[in-house]
Amino acid sequence: MLSTLIRAAAIVAIGASVSTTLMIASAGPASAAPTEAQKQAIQARRGYYRMVALNFGPLVAMAKGEAPFDKDKASLHASNLELLANVDLTPVFPEGTDNDAAFGETRALAKIWAELPEVTKKDDAFEAAAKAIAAAAPNGRDALRPAGGALGQSCKGCHDAYRAKDF
Ligand code: ASC
């Protein structure tokens, strides 16, 4: 009786230790995995920056003389950039959507959430540069060129500090 109890207790103890080990083993990346809502925020964020790039690209091409200057096109893309830059990005930057938590899905460094006032300043610089390019765009290539350069610098300012080089 006693030995049976001891054996049963030992089996329970071994079982407990095995399951504890398994829990520890799976507690790494699995526990940090983003939720569905966090994944959706990452996708929306990436879509947002694709919209920014999609509108900036033609302006860069015109500024560089790789495409002919087209006033209507320049105005459309630059005004889109101004609108995009004014979007409040809070909903697409929730906690837990950095590239440690969602490796392979985003290049956003965790540092963003640790330095939000700095990041906000960089976003304000982007907003100012987008406003300036919207004002400059209808005025021809010579006006577009410096405004495009300034906008590109504002993109780069954030990428250098807060975006991982790779996924
Ligand atoms: C672009 C684009 C960026 C910025 C950046 C400017 O056209 O997609 O991410 O310009 O390269 O430095």
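In the block above lies the structure referred to throughout.
In this text, all values refer to a predicted model and were calculated from it rather than measured experimentally.

1. Some thoughts on the site of the ligand
Logical step 1: Near the ligand the following residues occur: Ala53, Phe56, Gly152, Cys155, Lys156 and His159.
Logical step 2: For the ligand, the protein covers 56% of the area, taking 310 Å² as the surface of the free molecule.
Logical step 3: A class-by-class count of the residues in the shell around the ligand yields three nonpolar, two polar and one charged.

2. Focus on the pattern of salt bridges
Logical step 1: The final tally for this structure, using the stated rule, is three salt bridges.
Logical step 2: The partner of Lys121 in a salt bridge is Glu118, with the nearest N and O atoms 3.1 Å apart. Placement of both Lys121 and Glu118 in helix α6 (residues 116–136) is noted, with a separation of three residues, approximately one turn of the helix.
Logical step 3: Under the relative-accessibility criterion, Lys121 is labelled exposed at 52%.
Logical step 4: You can call Glu118 partly exposed: its relative accessible area is 37%.
Logical step 5: Across the pair Asp142 and Arg145 runs a salt bridge whose closest N-O atoms are separated by 3.4 Å. With Asp142 and Arg145 both in helix α7 (residues 141–162) and three residues apart, the pair spans about one turn of that helix.
Logical step 6: Taking the relative accessible area as the measure of exposure, Arg145 reaches 38% and is therefore partly exposed.

About the criteria used
Residues numbered from 1 in each chain as written. Predicted model: local features only at pLDDT ≥ 70, side-chain atom pairs only at ≥ 80, totals over all residues. Heavy atoms only, no water. Near = heavy atom within 4 Å. Areas by Shrake-Rupley, 256 points an atom, 1.4 Å probe, with all protein chains shown as cover. Nonpolar A, V, L, I, M, F, W, Y, C, P; charged D, E, K, R; others polar. Salt bridge = Lys/Arg side-chain N within 4 Å of Asp/Glu carboxyl O. Helix = DSSP H or I, 4+ residues; strand = E, 2+ residues; numbered from the N terminus. Buried < 20%, exposed > 50% of the residue type's maximum accessible area, 1.4 Å probe, protein only.

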